[in-house]
Amino acid sequence: MEIISVKITSVFETGVVKAKANAVLGRFGVRGIKVCEGKSGLFVAMPSYKSAKGKYIDIFFPMDKEAKEELAGAVLRAYAEKQAENAAAAVLAGQEPG
């Protein structure tokens, strides 16, 4: 899978969802990827919808473990870079980072 780019579009200070991202994979674009915080740390959730039975169904999903890990790694790296940028901007503005 060719990951062209990952962009963090929103960052949230509170709640389980910490960020939202978009990715370009080969000739496809994916919107609505989420960085979430769980009991074991950060994880990546694919775009999904809630079915009539109340179950969340992924709209987009990697077909194997390797592709899932590759995409999750790219999204989490983009999130870490965005967090570092935000912390640096806060320091320059004279605010406490975080």
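Above this text you will find the structure in question.
Predicted model only: the values in this text are computed from it and were never measured.

Draft legend 1. Spotlight on the side chain of Lys34. You can see Lys34 is positioned in strand E3 (residues 28-38). Leaving out residues up to four positions away in the same chain, Lys34 has contacts with Val17, Ala19, Lys20, Phe43, Val44, Ala45, Met46 and Ser48.

Draft legend 2. Highlighting the sheet that holds strand E1 (residues 3-11). Taken in spatial order, the four strands of this open sheet run E1-E2-E3-E4, and their pairing is antiparallel. Where the open sheet ends on each side, the last strands, each with one partner, are E1 and strand E4 (41-45). Put simply, the sheet's adjacent strands are angled 25° from each other on average, direction ignored. When E3 meets E4, the two strands line up antiparallel, connected through five bridges. What sits directly across from Val35, in E4, is Val44. Sitting on the sheet, helix H1 (residues 65-92) touches E1, strand E2 (17-25), E3 and E4, and the angle it makes with E1 is about 50°.

What counts and what doesn't
Residues numbered from 1 in each chain as written. Predicted model: local features only at pLDDT ≥ 70, side-chain atom pairs only at ≥ 80, totals over all residues. Heavy atoms only, no water. Helix = DSSP H or I, 4+ residues; strand = E, 2+ residues; numbered from the N terminus. Contact = heavy atoms within 4.5 Å. Pairing = 2+ DSSP bridges. Axes fitted to C-alpha atoms, helices over the stretch in contact; angles between N-to-C directions.

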